[in-house]
Amino acid sequence: MKHIEVVAAIIEKEGRIFATQRGYGDYKDWWEFPGGKIEPGESQEHALVREIQEELKADISVGEHLCSVEYDYPEFHLRMHCYICKLLSREVTLVEHEAAKWLALDELDSVKWLPADIEVIEKLRLVLK
């Protein structure tokens, strides 16, 4: 089975979490935390800054590591490293996603999350209570 290693930004602002809706692929219209693949020789933190710049045309500061999740999708095995981040830019531009929302903790269940992200949400609720 193919293995993919990615990073994800849990962007928090004023008690809300930034969620993005996929605009492509098998999981089009599902919601996820923004991020992407780590390139060879790249640190997780550098990959996250680069991916957010590419996907959202925004700058972030990478904070603490929240968790790493492993999930078996039918097509591949995913290892996702998730970091609590702060948005440094005033605005974001959706390059790859079709929508985005700022969700309060009690609103996180209002969207259809990708399966790997559900475990992240459970950990997030414990940390941000």
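As shown above, the structure is provided for reference.
Conventions adopted
Residues numbered from 1 in each chain as written. Predicted model: local features only at pLDDT ≥ 70, side-chain atom pairs only at ≥ 80, totals over all residues. Heavy atoms only, no water. Helix = DSSP H or I, 4+ residues; strand = E, 2+ residues; numbered from the N terminus. Rg over C-alpha atoms; globule rule 2.2 N^0.38 Å. Buried < 20%, exposed > 50% of the residue type's maximum accessible area, 1.4 Å probe, protein only. Contact = heavy atoms within 4.5 Å. Areas by Shrake-Rupley, 256 points an atom, 1.4 Å probe, with all protein chains shown as cover. Lys, Arg positive; Asp, Glu negative; His and termini not counted. Charge placed at Lys NZ, Arg CZ, Asp CG, Glu CD. Phe/Tyr/Trp six-rings, centres within 6.5 Å; stacked < 30°, edge-to-face > 60°. Lys NZ or Arg CZ within 6 Å of the ring centre and 35° of its normal. Polar contact = N/O pair within 3.5 Å; in protein donor to acceptor, adjacent residues only side chain to side chain. Pairing = 2+ DSSP bridges. Core = buried A, V, L, I, M, F, W, Y, C linked by side-chain atoms within 4.5 Å.

Student: Let's hear about the overall build of the protein chain: which residues, and what values?
Tutor: Per the secondary structure count, the protein chain includes two helices and seven strands. The helix and strand sequence of the protein chain, counted from the amino end, reads β-β-β-β-α-β-β-β-α. Computed over its C-alpha atoms, the radius of gyration of the protein chain comes to 14 Å, within 12% of the 14 Å expected for a compact globule of 129 residues. With respect to the principal axes defined by its C-alpha atoms, the protein chain has extents near 40 × 30 × 25 Å. When each of the 129 residues of the protein chain is scored for burial, the buried share is 44%. Taking as baseline every contact in the protein chain between residues at least 6 positions apart, the subset at least 24 positions apart corresponds to 67%. Carbon and sulfur atoms form 49% of the exposed surface of the protein chain, whose accessible area is close to 7000 Å². For the protein chain, the centre of its 16 positive side-chain charges and the centre of its 26 negative side-chain charges are spaced 3 Å apart.

Student: If you had to explain the environment of Ile60 to someone new, which residues and values would you point to?
Tutor: Within the secondary structure, Ile60 is located in strand β5 (residues 60-72). Excluding residues within four positions of it along the chain, Ile60 makes contact with Ala9, Ile11, Leu48, Val49, Ile52, Cys85, Lys86, Leu87 and Leu88.

Student: Report on the packing of aromatic side chains, specifying residues and quantitative values.
Tutor: To describe a pair of aromatic rings, one takes the distance between the centres and the angle between the planes. In this structure the tally under the stated criterion is six aromatic pairs. Aromatic side chains Tyr27 and Tyr73 sit 5.3 Å apart centroid to centroid with 65° between the ring planes, which places their arrangement in the edge-to-face category. Placement of Tyr27 in the loop between β2 (16-22) and β3 (31-32) and of Tyr73 in the loop between β5 and β6 (76-87) is noted, with a sequence separation of 46 residues between them. In this pair, the class of Tyr27 matches that of Tyr73, namely buried. A cation sits over an aromatic face here: Lys13 above Trp102, 5.1 Å from the ring centre.

Student: Describe the side chain of Gln21, with residues and values.
Tutor: Here Gln21 shows up in strand β2. Of the residues examined, Gln21 reaches a relative accessible area of 15% and is grouped as buried. At 2.9 Å, the side chain of Gln21 forms a polar contact with the backbone oxygen of Asp29. Not counting residues up to four positions away in its chain, the partners in contact with Gln21 are Asp29, Trp30, Trp31, His97, Glu98 and Ala99.

Student: Which residues make up the pairing of β5, and what values do they have?
Tutor: Bridge analysis of β5 against β6 gives 10 bridges, and the strand direction is antiparallel. For Ser61, the partnering residue across the bridge sits in β6 and is Lys86. In this antiparallel pair of consecutive strands, β5 and β6, the connection spans three residues.

Student: Help me get a handle on the nonpolar core, residues and values and all.
Tutor: Counting residues in hydrophobic clusters, the biggest one holds 27 residues, and the most contacted among them are Ile10, Phe33, Leu78, Met80, Trp113, Val120 and Leu124. Breaking this core down by element, the ones donating at least two residues are β1 (2-13), β2, β5, β6 and α2 (115-128). Per-element tally for this core: the top contributor is β6, with five residues. Leave out the neighbours within four places in its chain, and Ile10 touches Ile17, Phe33, Leu66, Cys82, Tyr83, Ile84, Cys85, Val120 and Leu124.

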